[in-house]
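As a plain string of letters, each chain reads:
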Amino acid sequence: MLVARSVALFAVAALLEIGGAWLVWQGIREHRGWIWVGAGVVALGLYGAVATFQSDANFGRVLAAYGGVFVAGSLAWGMVADGYRPDRFDVAGALVCLAGMAVIMYAPRGG
């Protein structure tokens, strides 16, 4: 149950962080305006709050593990939002990152 909750929190965090960054990108780079930028800033702030709900109390561990989710999630976001087509190396790299995330976050630890 704890792993499922943690994975769900990582997924929500990814949507907020990647979505927030994408909104800022759209507002500035694609000239969609400051409303998009503002929405992105709000989403990025919510991402920071969601990360605090992980059960692990170690900030560095949670954020390091989230890095793997961010890599895979960014590729997925690009596919859905921008029509990006990852190649086999993108996919392999994302899988390596997710495996690293799982080791960092869910490896059994004594003590």
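Residues numbered from 1 in each chain as written. Predicted model: local features only at pLDDT ≥ 70, side-chain atom pairs only at ≥ 80, totals over all residues. Heavy atoms only, no water.

Participant: Report on the overall build of the protein chain, specifying residues and quantitative values.
Facilitator: From N to C terminus, the protein chain includes 4 helices and 0 strands. Counted from the first residue to the last, the protein chain has its helices and strands arranged as α-α-α-α. A principal-axis box enclosing the C-alpha atoms of the protein chain has dimensions of 50 × 35 × 20 Å. Out of the 111 residues belonging to the protein chain, those deemed buried represent 29%. Carbon and sulfur atoms make up 72% of the accessible area of the protein chain, which amounts to about 7,000 Å² in all. Averaged over its 7 positive side-chain charges, the protein chain has a centre that lies 5 Å from the centre of its 6 negative ones. (Helix = DSSP H or I, 4+ residues; strand = E, 2+ residues; numbered from the N terminus. Buried < 20%, exposed > 50% of the residue type's maximum accessible area, 1.4 Å probe, protein only. Areas by Shrake-Rupley, 256 points an atom, 1.4 Å probe, with all protein chains shown as cover. Lys, Arg positive; Asp, Glu negative; His and termini not counted. Charge placed at Lys NZ, Arg CZ, Asp CG, Glu CD.)

Participant: Residue-level account of helix H3 (residues 59-82), with values.
Facilitator: Residues lying three or four places apart along an α-helix face the same way, a consequence of the helix completing one turn every 3.6 residues. Of the residues making up H3, those classed as buried are Val62, Ala65, Tyr66, Gly68, Val69, Ala72, Gly73, Leu75 and Gly78. Buried residues along H3 sit in contact with helix H1 (2-29), helix H2 (34-51) and helix H4 (88-106). Two residues or fewer after H3 comes Gly83, characterised by a positive phi angle close to 75°. (Contact = heavy atoms within 4.5 Å.)

Participant: Describe the nonpolar core, listing the residues and the values that go with them.
Facilitator: The biggest cluster of nonpolar side chains holds 15 residues, and the ones touching the most others in it are Phe10, Tyr66, Val69, Met101 and Met105. Of all elements in the fold, only H1, H2, H3 and H4 reach the threshold of two or more residues within this core. Sorting elements by how many residues they give to this core places H1 first, with 6 residues. Those residues in contact with Phe10 that lie beyond four places of it in its chain are Gln54, Val62, Ala65, Tyr66, Val69, Met101, Met105 and Tyr106. (Core = buried A, V, L, I, M, F, W, Y, C linked by side-chain atoms within 4.5 Å.)

Participant: Requested: an account of H1, with residues and values cited.
Facilitator: For H1, spanning 28 residues, the distance from its first C-alpha to its last is 39 Å, which sits close to the expected 40 Å at 1.5 Å a residue. For H1, the complete set of buried residues consists of Ser6, Leu9, Phe10, Ala13, Ala14, Leu16, Glu17, Ile18, Gly19, Gly20, Gln26 and Gly27. Residues of H1 that are buried make contact with H2, H3 and H4. Immediately downstream of H1, the backbone of His31 shows phi near 55°, a positive value. (Expected span 1.5 Å × (residues − 1).)

Participant: So what's going on with the pattern of salt bridges? Residues and values would help.
Facilitator: Counting across every chain of the model gives 1 salt bridge. For Arg61, the salt bridge is made with Asp56, and the minimal N-O distance between the two is 2.9 Å. With relative accessibility at 19%, the residue Asp56 sits in the buried group. (Salt bridge = Lys/Arg side-chain N within 4 Å of Asp/Glu carboxyl O.)

Participant: Please provide a residue-by-residue account of the environment of Asp82, values included.
Facilitator: Along the chain, the position of Asp82 falls in helix H3. Once residues lying within four places of it in the same chain are set aside, the contact partners of Asp82 are Trp22, Gln26 and Trp77.

Participant: Which residues make up unusual backbone geometry, and what values do they have?
Facilitator: The phi angle at His31 is positive, at roughly 55°, despite the residue not being glycine. The topology assignment puts His31 in the loop between H1 and H2. For His31, a relative accessible area of 70% corresponds to the exposed category.

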